[in-house]
Amino acid sequence: MLHIGLTGGIASGKSTVVTMLRGLGAGIVDCDVIAHDVVEPGSEGLAAVAAAFGPKTLLPDGSMDRAYIGSVVFGDKAKKAQLEAILFPLIHAGIDEEIKKIEENKKNPVIFLDMPLLYEVKYDSYVDETWLVYVDPVTQLTRLMKRNGYSESEALARIHAQLPIDKKRSLAQVIIDNTGSPEETQKQVLVAWQALMDRIKG
Ligand SMILES: CC(C)(COP(=O)(O)OP(=O)(O)OC[C@H]1O[C@@H](n2cnc3c(N)ncnc32)[C@H](O)[C@@H]1O)[C@@H](O)C(=O)NCCC(=O)NCCS
Ligand SMILES: Nc1ncnc2c1ncn2[C@@H]1O[C@H](COP(=O)(O)OP(=O)(O)OP(=O)(O)O)[C@@H](O)[C@H]1O
């Protein structure tokens, strides 16, 4: 089964495109969901993060204080690398598990890995091709600030923690430009999906 890496910048519209692809019959592995699952209350992942980042890691209900950890790691490269060293092996194991489940199900013609850091962690060499959800940098910043209620500097810290979207654009085989309306994006997704199905059916 074909494995396609779907990536983009933060708030570029990956989830929006993934919803469209799921509706067309694609199997989806959502790496952000896995990244949340590996730090569920009581998990090995959360215990390791708390040991490394101290008591402020945990909220009174035992869950991870994501805003606190985000405020630490998106301003400090070494702390970000420390968090990633703890979580990436757990996330990668979770990805393999989800891929296996979808393959065993045999219901989907193709699997998309929705992975924000696909190129950063060099996962592009493990997939058959990569698709990029592009948005122009100004729209990206505006949408991120609006969706998360971030100040401009909080949003920029997160954007700058990733490979620039224009660089990602040069690495992808298929580009969905989500700068316009959702309807315009939907049209591009349909064209790309049809071309993919034609290729698969050969
Ligand atoms: C720092 C954390 C706690 C902040 O949580 P928060 O709820 O604010 O964000 P969330 O996890 O929903 O991620 C939102 C977006 O941030 C970006 N992002 C997340 N982690 C990273 C990272 N390590 N480097 C660059 N960008 C990142 C992604 O575009 C992601 O879609 C969280 O992002 C985290 O645990 N990150 C480490 C795991 C990871 O790298 N996940 C993303 C790849 S699967
Ligand atoms: N074409 C569009 N027009 C207007 N708003 C959009 C469009 N596409 C997405 N958005 C909005 O932009 C924000 C980011 O989109 P989305 O959550 O799909 O991005 P994402 O790449 O999955 O983000 P992240 O990786 O940060 O989770 C959301 O608030 C979404 O509703």
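The structure presented is a predicted model; accordingly, all values stated were derived computationally and were not measured. Numbering of residues starts from 1 in every chain and runs along the sequence as written. To read the labels, note that chains go from A and ligands from 1, taken in the order they are written. Given that this is a predicted model, residues contribute local features only at a pLDDT of at least 70 and side-chain atom pairs are listed and counted only at 80 or more, while totals for whole chains, interfaces and linings are drawn from all residues. Heavy atoms from the whole structure form the basis of all side-chain values; hydrogens and water molecules are not counted.

Draft legend 1. Structural detail: the overall build of the protein. Counting from the N terminus, the helices are the DSSP runs of H or I reaching at least four residues and the strands are the DSSP runs of E reaching at least two. Counting secondary structure elements, the protein contains nine helices and five strands. Overall, the protein shows an N-to-C arrangement of helices and strands of β-α-β-α-α-α-α-β-β-α-α-α-β-α. It is over C-alpha atoms that the radius of gyration is taken, and the globule rule equals 2.2 Å times the number of residues to the power 0.38. Relative to a compact globule of 202 residues, whose C-alpha radius of gyration would be 17 Å, the protein shows 17 Å and is just as compact. Principal axes of the C-alpha set define a box for the protein whose edges measure 55 × 40 × 30 Å. In this scheme, a residue with accessible area under 20% of its type's maximum is buried, one over 50% is exposed, and one in between is partly exposed, where area comes from a 1.4 Å probe on protein chains only. Residues counted as buried form 44% of the 202 residues belonging to the protein. Across the protein, every contact between residues at least 6 apart in sequence was considered, and the portion connecting residues at least 24 apart equals 72%. Put simply, the protein shows about 10600 Å² of open surface, and 56% of that area lies on carbon and sulfur atoms. In this analysis, two residues are considered to be in contact whenever any of their non-hydrogen atoms come within 4.5 Å of each other. The method behind every accessible area is Shrake-Rupley, applied with a 1.4 Å probe, and residues are considered shielded solely by the protein chains displayed.

Draft legend 2. Fine view of the UniProt feature "binding site: ATP" (unreviewed entry) in the protein. UniProt positions are given in the numbering used here, feature names are shortened, and annotations may be inferred rather than shown by experiment. The UniProt feature table records "binding site: ATP" (unreviewed entry) at A11, S12, G13, K14, S15 and T16. Checked against the element boundaries, T16 lands in helix 1 (residues 14-24).

Draft legend 3. Region of interest: the nonpolar core. Residues V29, V49, L87, I95 and L113 are the most contacted members of the largest nonpolar core, which totals 32 residues. For this core, the secondary structure elements donating two or more residues are helix 2 (31-37), helix 3 (44-53), helix 4 (66-73), helix 5 (77-105), strand 3 (110-114) and strand 4 (129-134). Among the elements that line this core, the one with the most residues is helix 5, at seven residues. Each of domain 1 (1-26 + 108-202) and domain 2 (33-107) accounts for three or more of the residues forming this core. Dropping the residues within four chain positions of it, V29 is found in contact with I34, I95, E98, I99, I102, I111, F112, L113 and D114. Residue types Ala, Val, Leu, Ile, Met, Phe, Trp, Tyr and Cys, when buried and joined through side-chain atoms within 4.5 Å, form a set referred to as a nonpolar core. Of all hydrophobic cores here, the second largest spans 19 residues; its members include I28, V110, W131 and V133. Residue ranges labeled as domains rest on an automatic or database domain assignment.

Draft legend 4. Focus on the site of ligand 1. Around ligand 1 lies a shell of 22 residues, among which D32, R66, K80, E84 and Q162 are the nearest. In the environment of ligand 1, an oxygen atom lies 2.6 Å from a nitrogen or oxygen atom belonging to the side chain of D32. Q162 places a side-chain nitrogen or oxygen 2.8 Å from an oxygen atom of ligand 1. Here ligand 1 loses 89% of its free accessible area of 770 Å² to cover by the protein chains. For the shell around ligand 1, the secondary-structure elements that each account for two or more residues are helix 2, helix 4 and helix 5. At six residues, the largest contribution of residues to the shell around ligand 1 is made by helix 5. Gly falls in the polar group here, along with every residue not listed as nonpolar (Ala, Val, Leu, Ile, Met, Phe, Trp, Tyr, Cys, Pro) or charged (Asp, Glu, Lys, Arg). Among the residues forming the shell around ligand 1, the class breakdown is 15 nonpolar, three polar and four charged. Here the shell around ligand 1 gathers at least three residues from each of two domains, domain 1 (1-26 + 108-202) and domain 2 (33-107). For each residue, the test is whether any non-hydrogen atom lies within 4 Å of the molecule or strand; if one does, the residue is near. Pairing of N or O atoms within 3.5 Å defines a polar contact, subject to two protein rules: one partner must be a possible hydrogen donor and the other a possible acceptor, and residues neighboring in sequence count only if both atoms are side-chain atoms.

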